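Here are the chains, one letter per residue:
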Amino acid sequence: MTKTIYTNGKIYTLDAIHPVVETVVVENGIIVDVGSHNDMMLQWGRRGSHLIDLQGKMATPGLIDSHLHLSGLAFQLLDLDLTGVRSKEEMLKKIREKAKTIAPGKWLIGMGWDENLFNDKMIPDIEELDQAAPHCPIFLKRVCHHAFLVNSMAFKRSGYHSSIPVPKGGEVVLDPVTQKPTGLLLETASNLIVKHIPERTYSELKHGLEQAMSLAIQKGLTSVHTNDPCYLGGFEQTYKLYDTLINREQKGLRCNLLIDYPYLSQLKERGMYTGYGNEKLQIGAIKIFADGALGRRTALLSEPYDDDRENFGEAIHSQEALFEIIKEVRAHLMPIAVHTIGDQALKNVLHILDQFPKVKYRDRLIHVSVLTKELMKQLADPSRIADIQPRFVVSDYPWVKQRIGEKRELYLYAWETLRSFGVVCAGGSDAPIEPVNPLFGIHSAVTRKAPWEHSESWNPKERLSMVDAVRLFTIGGAFAVNEELKKGTISRGKLADMTVYSKDLFALEHPDELLSTEVEMTIIDGKIQA
């Protein structure tokens, strides 16, 4: 088999044995040697070797996104994208423009709106949505996917009326005067509408997912941990889509599939479990939601919100129900991956986890946004991973300070403190909630402020060094799925996954140069993908 030699690079391996090398030798998708150009060419540069000149560019281990939704990226590419919209008027304009392309009666689907970016923080009401698209039902997900906007036709299509029970944990927001729906739905109330939206065809989903995978690769990602069954028509169809694209059509991107708890029984029936699959496609942990989000004050806190003193947020499950869910997952010897944004939600989950024996794979606590010192101590367990999303600081500041107050802000997105406690952290984007570009996540981890902000960082003592930020998206992602012996560093015997950049991240004069850094190559299995 021909060996491929990537040489003339500044290759940061993140391996203490050979921290920086010029050359990496690959065979059959595995790294067989690393070292200086001269040594590697003398050892391996015989006839038949395929030489690739990195032209002095920087390379790191392949970037890993530890938590995103490729399905959401697919829909973002297929539907109305409201990401970054800066006013209610701009939002309504985009809705009107999209509505012109949709046939009467067809659904107008969109996502990504965030009223915290609006000057007046006002969102469209149901009458304005009716006027913007009078001929079609509307369903628009907020950037956090915990709040939704619908119009009157959407309510009519769903058969909604005031006496219909709202799913537990959800709310149809009513006008305080008229007691009529405002068009805003919170959390599980969206199920009243979603079940009436026609499912996309298999070919539509496959096309969108393929585009999303290509985009991830273009951004330098070699592996992703993605959660999709609730959006791709259930577990069976989700697995079929990924199996087709990755194993049959060889699309390259390595995918670890987080499976939502309601589909656990289907995993059992098929004899599937965490780690099932191959090095390109694997079953991951069982995904559970413990609470909501800070934006709509549904994240579960131990003390009330500073700007809503009667509100502690919402638990998605009672403690008894959550115990039974985790008990069932553990009976299948699988780990959990739990959405926990509020400190009380995390406390509830850790209290239950402490009652069960550990399993082979690590449990993942996703987001862990609001913390306490005691919770950090509990997270500092080698069987647990804090799955963090650095880019959240861009979306959440400054309004989040009003939600939780000055005292709790000290432990909001406390990345450096987590690291000092010995907590193993993995870095993700939660795309499409945040941009899929991992360099944006690294920038947020290093600066703790938005790219357009000229003010001081938010709680600057929690900034990470550039090296530690890159580790989040390499070594951290490998640890999250027990693959630290296969990936995360550029080392002999590991998978030949690398990301090559237009600039040396560790030699930048200012972190903002990350924003103009391009991915020159994404290498998976030793092959250039983009």
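Scope of this entry: the structure provided in the associated data block. Since this is a predicted model, take the numbers as computed values, not measurements.

1. A few points about the overall build of the protein
- Helix and strand counts for the protein stand at 17 helices and 24 strands.
- Taken against the 2.2 N^0.38 rule, which gives 24 Å for 530 residues, the C-alpha radius of gyration of the protein at 23 Å falls within 12% of a compact globule.
- Within the span of the protein, comprising 530 residues, buried residues form 58% of the whole.
- Look at the contacts in the protein between residues 6 or more apart in sequence, and 73% of them connect residues 24 or more apart.
- Averaging the positions of the 62 positive and the 68 negative side-chain charges in the protein gives two centres separated by 3 Å.

2. Digging into the packing of helix α2 (residues 70-78) against helix α7 (residues 202-218)
- Contact geometry for α2 and α7: axes closest at 8 Å, N-to-C directions at 105 degrees. Taken together, the axis directions place α2 and α7 in an arrangement best described as roughly perpendicular. Between α2, through Leu70, Ser71, Leu73, Ala74, Phe75, Leu77 and Leu78, and α7, the contact on the second element is made entirely by Glu204, Leu205, His207, Gly208, Leu209, Gln211, Ala212, Met213 and Leu215.
- Residues belonging to the contact of α2 with α7 are distributed by class as follows: eleven nonpolar, four polar and one charged.

3. What about the sheet that holds strand β23 (residues 519-524)?
- Read from one edge of the open sheet, six strands run β3-β2-β7-β22-β23-β24, paired in mixed fashion. On the outer flanks of this sheet lie β3 (20-21) and β24 (527-528), each paired with one strand and no other.
- In this structure, strand β7 (residues 58-61) lies alongside strand β22 (residues 498-501), joined through four bridges in antiparallel fashion. The partner of Ala59 across the bridge, within β22, is Val500.

4. Examining the sheet that holds strand β6 (residues 50-53)
- Spatial ordering of the open sheet is given by β5-β4-β1-β6, a layout of four strands whose pairing is mixed. Only two strands of the sheet have a single neighbouring strand rather than two, namely β5 (30-35) and β6. Averaged over all neighbouring strand pairs, the angle between strand axes comes to 20 degrees, with direction disregarded.
- Summarising the sheet, strand β1 (residues 4-7) and strand β4 (residues 23-27) pair through three bridges and their orientation is antiparallel. The residue of β4 that forms the bridge with Tyr6 is Val24.
- Each of β1, β4, β5 and β6 is contacted by helix α1 (residues 37-44), which is oriented at about 130 degrees to β5, the strand it contacts most.

Definitions and limits used
Residues numbered from 1 in each chain as written. Predicted model: local features only at pLDDT ≥ 70, side-chain atom pairs only at ≥ 80, totals over all residues. Heavy atoms only, no water. Helix = DSSP H or I, 4+ residues; strand = E, 2+ residues; numbered from the N terminus. Rg over C-alpha atoms; globule rule 2.2 N^0.38 Å. Buried < 20%, exposed > 50% of the residue type's maximum accessible area, 1.4 Å probe, protein only. Contact = heavy atoms within 4.5 Å. Lys, Arg positive; Asp, Glu negative; His and termini not counted. Charge placed at Lys NZ, Arg CZ, Asp CG, Glu CD. Axes fitted to C-alpha atoms, helices over the stretch in contact; angles between N-to-C directions. Parallel < 35°, antiparallel > 145°, perpendicular 65-115°, else oblique. Nonpolar A, V, L, I, M, F, W, Y, C, P; charged D, E, K, R; others polar. Pairing = 2+ DSSP bridges.

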